[in-house]
Amino acid sequence: MADPIKVYPPKPSHVYFYATCLVDMFYPDAGMAGIQLLEREGIRVIFPEDQTCCGQPAYTSGYHDEARAVARAQLDLFPEDWPIVVPSGSCGGMMRKHYPGLFRNTDQETKAAGIATRTWELTDFLLNVCHIKLEDLGEPTNVAMHTSCSARREMGIAEVGPRLIGQLNNVNLIEQVRAEECCGFGGTFAVRHPEISGAMVSEKVDTLTDTGAGTFVTTDCGCLMNIAGFAGKNQKPLSGQHILSFLWERTNPGKEDNS
Amino acid sequence: MTQTPHHTDVREFHPRARAAIADPKIRKNFRKAMDGLITKRKDAFEGWDLEALRDLGANIRLRALANLPDLLEQLEKKLSENGVKVHWAIDGDEACRIIRDICVARNAKTVIKGKSMVTEEMELNHYLDDHDIEALESDLGEYIVQLAGETPSHIIMPAIHKNTGEISELMHEKTGTDLSSDVEYLTASARHQLREKFMNADVGVSGVNFAVAETGTLCLVENEGNGRMTTTVPQCHIAVTGIEKVVGKLEDVAPLLALLTRSATGQHITTYFNMISGPRKPEELDGPEEVHLVLVDNGRSSIYQDDELLDTLRCIRCGACMNHCPVYTRVGGHTYGTTYPGPIGKILMPHLIGLDEGRHLPTASSLCGACGEVCPVKIPIPDLLVRLRQESVDGDKLNPAKVRGHGAKRGTLEAMVWKGWSWMHARPGVYRLGTKVASRLRRLQPGNLGGWTRYRTAPKLAARTLHERMKERSQ
Ligand code: SF4
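Residues numbered from 1 in each chain as written. Chains lettered and ligands numbered in written order. Predicted model: local features only at pLDDT ≥ 70, side-chain atom pairs only at ≥ 80, totals over all residues. Heavy atoms only, no water.

(A) Representation of the interface of chain B and chain A in the model. Contacts between chain B and chain A engage 65 residues on the former and 72 residues on the latter. With both sides pooled, the region where chain B packs onto chain A buries about 6,200 Å², and carbon together with sulfur makes up 58% of that total. Inspection of the chain B/chain A interface yields 19 salt bridges. Salt-bridge contacts for E373 of chain B lead to R153 of chain A; the nearest nitrogen and oxygen are separated by 2.6 Å. Applying the counting criterion to the chain B and chain A interface returns 37 residue pairs in polar contact (both at pLDDT 80 or more). A per-element tally of the side of chain B that touches chain A places helix α19 (residues 412-425) of chain B first, with seven residues. Partitioned by chemical class, the residues of the side of chain B that touches chain A number 26 nonpolar, 17 polar and 22 charged. (Contact = heavy atoms within 4.5 Å. Buried area = accessible area lost by both parts, 1.4 Å probe. Salt bridge = Lys/Arg side-chain N within 4 Å of Asp/Glu carboxyl O. Polar contact = N/O pair within 3.5 Å; in protein donor to acceptor, adjacent residues only side chain to side chain. Helix = DSSP H or I, 4+ residues; strand = E, 2+ residues; numbered from the N terminus. Nonpolar A, V, L, I, M, F, W, Y, C, P; charged D, E, K, R; others polar.)

(B) Geometry of the side chain of S439 of chain B. Residues and elements named next belong to chain B. Structurally, S439 is set in helix α20 (residues 428-440). Polar side-chain contacts of S439 include one of 2.8 Å to the backbone oxygen of K436. Engagement of the side chain of S439 in a polar contact is seen with the backbone oxygen of A463, the distance being 3.5 Å. Setting aside residues up to four positions removed in sequence, S439 forms contacts with A462, A463, T465 and E468.

(C) Just the sheet that holds strand β5 (residues 141-146) of chain A, in detail. All names here are of chain A. With parallel pairing, four strands are arranged side by side in an open sheet as β6-β5-β7-β8. Looking along the sheet, the strands with just one partner apiece sit at the ends: β6 (171-173) and β8 (239-242). Adjacent strand axes in the sheet meet at a mean angle of 35 degrees when their direction is disregarded. Packing of helix α12 (residues 221-233) onto the sheet brings it into contact with β5, β7 (215-218) and β8, and relative to β7 it is tilted by some 155 degrees. (Pairing = 2+ DSSP bridges. Axes fitted to C-alpha atoms, helices over the stretch in contact; angles between N-to-C directions.)

(D) The arrangement of a nonpolar patch on the surface in detail. Together, L433, V437, L441 and L444 of chain B line one region of the surface with nonpolar side chains, adding up to about 400 Å² of accessible area. Tracing the chain through its elements places L444 of chain B in the loop between α20 and α21 (451-455). (Patch = residues over 30% accessible without salt bridge, like charges linked within 9 Å, V, L, I, M, F, W, Y side chains within 5 Å. Areas by Shrake-Rupley, 256 points an atom, 1.4 Å probe, with all protein chains shown as cover.)

(E) Representation of unusual backbone geometry. Residue and element names in this part refer to chain B. Of note, the phi angle at N107 is positive, near 60 degrees, even though the residue is not glycine. With respect to the element layout, N107 can be found in the loop between α5 (92-105) and β2 (110-113). Classification of N107 by relative accessible area gives exposed; the value is 62%. The backbone phi angle of R317 is positive, close to 55 degrees, even though this residue is not glycine. Relative to the helices and strands, R317 resides in the loop between α13 (300-304) and α14 (320-323). (Buried < 20%, exposed > 50% of the residue type's maximum accessible area, 1.4 Å probe, protein only.)

Laid out in structure tokens, this is it:
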């Protein structure tokens, strides 16, 4: 299926914020950070209350009827022609790249295709649509970055995170070796093939630890859970954070949670 | 000759994966080899407009597939005019029979083989062995795995799972070669052993990289010269290929070749590029007096019927998808238990053996997309993996499954879990209530989440969901 061509829109007055179920349940701080970063850019953020999940877990597991039922419940949440921003490469990828195929030959085909073209991963949106300028107010620090495979390959935004971090004067981004290699999450893959996934995340934790940064940031909660979870269980000196939380904290010290 | 194990034994994927991961030697051999190949590929495309070249490659393959029936007819006609005998085989058994019949007609007892994956797919060596015909692999890597009584673990580098020390020991044990860490010496010894076999072989069997319909030319890419010997020294040469390997014109070959060698081993060009268009002509001194081409279907025409699955047939067998696959790198080729391992194996094998046998294959991927990113002919491998996952659980009533053995992976419990998941997530009110309750009860969250928590801590639910926080904020 052809990729919808990526043409950045002009900076809009409003956006829809699509949180993803992992952000909703496990990393709401990252969601709040994303919303506040957008608001600081003068954008009104609409959070459709009825959002649940993009349907990706069932989709990649092969249960497309079930995925479609869940995805269908999201299609009417974005009535205005505003951009839909997603704090995740993988859920963004699902909506942008897979919705059109999932709804092919259904009554929702056009609607799904329309949603695909206006879905953006949030850091990409901040950098390339909002042209955000970050003022670093934090102490000098080192950080490593892991770009999720869907951010890198489906959304084509591997450069976005480093460029945003590059705007932070006091942050030194240290590149890991094999930066483009998967951390081994892969949704149900981590559970279906625990040994293979375990071997992958173990090496990813090593390469991130070897940077000496002590912390890493990432665009995706799945990778975050996987990498930080392994480091935690194995007492590795590595902690992780969603990149949005990191960017918000660096530019608003002491105001992480002003919900 | 050592008996090679049979090719397809996918049921034991999980235990073999566990064993491979627990084996530091396998892990080290593969990691080192793959890191090297990844760097070499990258360097080889330095200065090229890789995307444009991949588009060209993909288009050439798509164009060829769109005209496949016509091109095959044209190929047969041209080759026949050139004096090549063309045979059609519906499956591996028929292809083996055809080859045996040719051997019997020539009273042949020994066959020397150049590298060919399709003959691995049809287990030609076993078949010939059962009919008292000796088949000897002449590609160095294939020769090594044959000595070891194994099957290839990679489609380009069959013995990549072994390091020099292991190869030296094996050659010492089986052929009496001195133990040595000198690769040159080991290669020279193997070459010496093989030369003799070449001189005495009755029949040479080779694969085909591209078959050109317009001219009736069989192109063969190789590095060791064994392909050239296989196709010229014995008096009879049998080329074997899957029906999808045909391209329209001679000019289609150049871009595909540029992509193939760089993607495979990072070489700008291979040492040998053979173009075979017929047997020796009366005035010529060298070459076989008889040339055959066996065109093997073996499930390919059924893939051909489906617009999406058809993309699988674009493959030019470069192996780059394996070299870049983080799963393949961890477990090695033998774990798959299939003729074609790695990403291409996961999308091709289900068609050859059916999803009942191969149902674990499409799940053994994190869908990271590295395979699709490097594939020189842009096969959307991750999308095809998802399609086959859907087929293996019969997960889409709108697009009914078609692949043989579909639905074999569907379990009642798993299907019910997804139904329940879908029911909850399609009802916003239920979802909000459910997630709110879960966050309140998060201290009761189970600490043991099976495969997940064997290696990681359980993820912690937040005290309040984002939904709740946004609700409070708006009040
Ligand atoms: S699928 Fe693509 S990368 Fe893999 S072997 Fe075939 S051509 Fe090469």
